[in-house]
Amino acid sequence: CLTKFEDQFRIETKKNLKIFSNFKERLTALRKQLSDQSLDGFLVPLADEHQSEFPSLRAQRLAWLTGFTGSSGLAIVLRGKAVIFVDGRYTLQVRRQVDQNLFEIKHIVDDPPATWLKKNVEKSTKIGYDPWLHTVDGLNKLTAQCRPARVKFFTVEMNPIDRVWQNQPVSPLAPVFIHPTSLAGRSTKDKIKSIAETLTKNGAKAAILTAPDSIAWVLNIRGGDLPFTPVALGFAILFSSSNVQLFMDPRKLLKKTKDFLEENVFLRPVEEFQSALQELGKTKTVVQFSSSNGPCWIMNQLQRAGAKVLNVEDPCILPKACKNSVELQGMRNAHIRDGVALCKFFSWLTKNLLTREIDEALAADVLYKYR
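Residues numbered from 1 in each chain as written. Predicted model: local features only at pLDDT ≥ 70, side-chain atom pairs only at ≥ 80, totals over all residues. Heavy atoms only, no water.

Student: Can you walk me through the nonpolar core in this structure?
Tutor: One recurring pattern in soluble globular proteins: nonpolar side chains tend to sit buried together. One finds Leu-117, Phe-153, Ile-208, Ile-237, Phe-273, Leu-277 and Ile-298 to be the most contacted residues of the largest nonpolar core, which totals 40 residues. In terms of residues, this core owes the most to one element, helix H13 (residues 296-305), which gives five residues. Counting residues in each nonpolar core, the second largest holds 27 residues, with Leu-27, Val-77, Val-98 and Phe-103 among its members. (Core = buried A, V, L, I, M, F, W, Y, C linked by side-chain atoms within 4.5 Å. Buried < 20%, exposed > 50% of the residue type's maximum accessible area, 1.4 Å probe, protein only. Helix = DSSP H or I, 4+ residues; strand = E, 2+ residues; numbered from the N terminus.)

Student: Help me out: how do you make sense of the sheet that holds strand S8 (residues 206-209) in this one?
Tutor: Neighbouring strands of a sheet are bound in pairs by backbone hydrogen bonds; such pairs are parallel or else antiparallel. Taken in spatial order, the six strands line up as S12-S11-S10-S8-S13-S14 in an open sheet, and their pairing is mixed. Where the open sheet ends on each side, the last strands, each with one partner, are strand S12 (265-268) and strand S14 (308-311). Pairs of neighbouring strands in the sheet enclose a mean axial angle of 25°, with direction left out of account. (Pairing = 2+ DSSP bridges. Axes fitted to C-alpha atoms, helices over the stretch in contact; angles between N-to-C directions.)

Student: Just to check I follow, could you spell out the side chain of Thr-210 for this structure?
Tutor: Note that Thr-210 resides in the loop between S8 and helix H10 (212-219). Once you skip the residues sitting within four places of it in the chain, Thr-210 turns out to touch His-50, Gly-234, Phe-235, Phe-289, Asn-293, Gly-294, Pro-295 and Ile-298. (Contact = heavy atoms within 4.5 Å.)

Student: When you look at a negative patch on the surface in this model, what are you seeing that I'm missing?
Tutor: There is a patch of like negative charges on the surface, built from Glu-357, Asp-359, Glu-360 and Asp-365. With respect to the helices and strands, Glu-360 occurs in helix H16 (residues 360-370). With relative accessibility at 74%, the residue Glu-360 sits in the exposed group. (Patch = residues over 30% accessible without salt bridge, like charges linked within 9 Å, V, L, I, M, F, W, Y side chains within 5 Å. Areas by Shrake-Rupley, 256 points an atom, 1.4 Å probe, with all protein chains shown as cover. Salt bridge = Lys/Arg side-chain N within 4 Å of Asp/Glu carboxyl O. Lys, Arg positive; Asp, Glu negative; His and termini not counted. Charge placed at Lys NZ, Arg CZ, Asp CG, Glu CD.)

Student: Please clarify how the environment of Leu-65 should be interpreted in this entry.
Tutor: When you line up the elements, Leu-65 lands in helix H3 (residues 61-66). For Leu-65, a relative accessible area of 0% corresponds to the buried category. Apart from residues no more than four positions distant in its own chain, Leu-65 is found in contact with Phe-23, Arg-26, Leu-27, Leu-30, Val-44, Val-77, Phe-103 and Ile-161.

Student: Please clarify how the sheet that holds strand S3 (residues 82-86) should be interpreted in this entry.
Tutor: Taking strand neighbours across the sheet as the criterion, the six strands line up as S4-S3-S2-S1-S5-S6 in an open arrangement whose pairing is mixed. The open sheet terminates on both sides in strands that have one partner only, identified here as strand S4 (104-107) and strand S6 (152-155). In this sheet, neighbouring strand axes are inclined to one another by 25° on average, regardless of whether the strands run parallel or antiparallel. Where strand S1 (residues 41-45) meets strand S2 (residues 74-78), five bridges bridge the pair, whose relative direction is antiparallel. Residue pairing in the sheet places Pro-45 in a bridge with Leu-74 of S2. Across the sheet, helix H5 (residues 113-120) is in contact with S2, S3, S4, strand S5 (126-129) and S6; its angle to S2 comes to roughly 10°.

Student: When you look at H13 in this model, what are you seeing that I'm missing?
Tutor: Residues separated by three or four positions in an α-helix point in the same direction, a consequence of the helix having 3.6 residues per turn. With respect to burial, H13 is a largely interior element, seven of its ten residues being buried. Along H13, the residues that are buried comprise Cys-296, Trp-297, Ile-298, Met-299, Asn-300, Gln-301 and Leu-302. One or two steps after H13, the chain reaches Gly-306, where phi turns positive at roughly 95°.

Student: Hey, could you run me through the packing of aromatic side chains in this one?
Tutor: How two aromatic rings sit relative to each other is given by the distance of their centres and the angle of their planes. This structure, assessed with the given rule, holds eleven aromatic pairs. An aromatic cluster is built from Trp-132, Phe-235, Phe-247, Phe-273 and Trp-297, whose rings are joined through pairwise contacts. A cation sits over an aromatic face here: Lys-369 above Tyr-370, 5.0 Å from the ring centre. (Phe/Tyr/Trp six-rings, centres within 6.5 Å; stacked < 30°, edge-to-face > 60°. Lys NZ or Arg CZ within 6 Å of the ring centre and 35° of its normal.)

Student: What is the right way to read the packing of helix H15 (residues 325-352) against H16 from this model?
Tutor: Between two packed helices, what matters for the description is the angle formed by their axes and the separation of those axes. With their axes 9 Å apart at the nearest point, H15 and H16 run at an angle of 140° to one another. Between H15 and H16, the crossing angle belongs to the class labelled oblique. The element H15 and its partner H16 pack so that their crossing is right-handed. Listed contacts from H16 to Ala-341, Leu-342, Lys-344, Phe-345 and Trp-348 of H15 are Leu-362, Ala-363, Val-366, Leu-367 and Tyr-370. Split by residue class, the contact of H15 with H16 holds nine nonpolar, no polar and one charged. (Parallel < 35°, antiparallel > 145°, perpendicular 65-115°, else oblique. Left-handed = near helix turned anticlockwise from the far one by under 90°. Nonpolar A, V, L, I, M, F, W, Y, C, P; charged D, E, K, R; others polar.)

Student: Would you mind showing me how to read the pairing of S14 here?
Tutor: Two faces, one strand: in a regular strand the side chains alternate between the faces of the sheet. Here strand S13 (residues 286-289) runs beside S14; their pairing, made up of four bridges, is parallel. The residue of S14 that forms the bridge with Val-286 is Lys-308. For the crossover that starts at S13, traverses H13 and ends in the parallel S14, the hand is right-handed. (Right-handed = clockwise from strand over helix to strand, strands pointing away.)

Student: Can you walk me through the packing of H5 against helix H6 (residues 136-146) in this structure?
Tutor: Where H5 contacts H6, the axes come no closer than 9 Å and their chain directions differ by 35°. Relative to H6, the crossing made by H5 is right-handed. Contact residues: Pro-113, Ala-114, Leu-117 and Lys-118 in H5; Leu-142, Gln-145 and Cys-146 in H6. Looking at the contact of H5 with H6, its residues break down into five nonpolar, one polar and one charged.

Student: Honestly, the environment of Ala-184 in this entry has me stumped. Any pointers?
Tutor: Mapping Ala-184 onto the fold places it in helix H8 (residues 181-184). The class of Ala-184 is buried, set by a relative accessible area of 1%. Spatially, the C-alpha atoms of Ala-184 and Leu-57 are 29 Å apart, while their sequence positions differ by 127 residues. The contact partners of Ala-184, leaving out residues within four places of it in the chain, are His-179, Lys-191, Asn-220, Asn-324, Val-326 and Glu-327.

Student: Explain H5 to me, please; I cannot follow it from the model alone.
Tutor: Those residues of H5 not exposed but buried are Pro-113, Ala-114, Trp-116 and Leu-117. Down the axis of H5, the buried set is contained in an arc of 160°. They therefore lie on one face. For H5, the secondary structure elements touched by its buried residues are S2, S3, S4, S5, H6 and S6. (Arc of directions from axis to C-beta.)

Student: I tried to follow the environment of Thr-66 on my own but got confused; where do I start?
Tutor: Assignment of secondary structure puts Thr-66 in helix H3. In this structure, Thr-66 is in contact with Phe-23, Ala-75, Ile-84, Gln-97, Val-98 and Phe-103, ignoring residues within four places of it in sequence. Among the polar contacts made by the side chain of Thr-66, one reaches the main-chain carbonyl oxygen of Leu-62 at a distance of 2.7 Å. Here Phe-68 takes part through its backbone nitrogen, which lies 3.1 Å from a polar atom of the side chain of Thr-66. (Polar contact = N/O pair within 3.5 Å; in protein donor to acceptor, adjacent residues only side chain to side chain.)

This is how it looks when you write it as C-alpha cells:
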C-alpha cells in the first residue's frame, strides 16, 4: 500500500511540475494579496503544519510559487523583489527550476535570510508569515536577528498562497491502519502509560503532539499521508491521566482501526483542535509543548487562552528512539530483505556495466525497482 502511494506521489509531483509554469502570474497574485493585507512581504517556507521533511502535495507552496522541488528551502517575497534560499545540495537544481528574473538565489548558510532582509528592507517593514508553518524557536531566532533593522513580523489568518492557488490539492486521505504489538513490541496502552508518567514527573498535565511519527509510535498506527514516511497527519493531546485525544479526519480510519483506538483514545475531528487548546487555557492546565519543533500557531492559542506552557521536548522522541528487542529484530529482518535487493542490483550491474551506458539515474531506478 505504501509503495503504491510513493509511486503515485512521484507521478503526481512530475505532473504538477508540468503545470508549474505561470510563475510570474503567481508572484503577481501573491503580491496583490499582500497589498490587500497591508503587508510589505511574506515568508514562504517548505513546511507543513507538522514540520514534515516531505510535505504533502497540498503543502508544496514553495514549489507552486517558485518551481523549486528540493526538500529544504525558503522564499521571501517583497513588493519589489523576491529571493529563494537553499542549501548546498541544491545549487544546481534551484537554477534549473527557478526563474532568476523573478527570484534571487541565495545560499541559506552563506547569506542567510536575516542578513538579506536587513540589506533589502526599510525600517518598520511589515513581513507576514503563516504561524502554522514556522516553529516557535525558528521564528524567534529570525525576529531577533532582524530587530536591528526594525522589521516587524505579523501572523496571517489564512495563508495568502492558499487564497490564489487554483486547484490546490486536497489534504491527503490515505487509510490509517494498525501497527500490531507483534511488530511494535509494546502495546498502545503501555506506551501511553509511560508517557503519562513522564508528564507527571515534569509537572505537566498534558502534552501536545504535533509530529506524525510521535503519534504513530505512541498509538501503534501507521498511514500513508506523506511520501516515504508511513504516518497519518493529525494532532494529539496526551494527558497525565493516560487519556488521549486524537484530532484526525475520521474518513481515514478504517472500522478496524477505529475499534482498536477506542480502547485507549478519544477520536475528535481536526476542526475541534482549536477549541480543545482553548479549553486547556480555561482550566489553567500545565501543558508540555516543544518550541523547537512545534508551530507558532499552537503556542499562540495556548498563551492567549491562559494555559501555562512548559517548553519541553516532545515526550515521545527519546522512548521512540530506544528500540526494544522486537523492533531490533524487525530492523535486522528489514536489512536482510534489503540486502537481497542489493545483491540482485549488483548482479544486474555486473552483467550490464560493460555492455551499456549506466548513469546514476538509471542505476537508482533499477535499485528502486529491486527494493
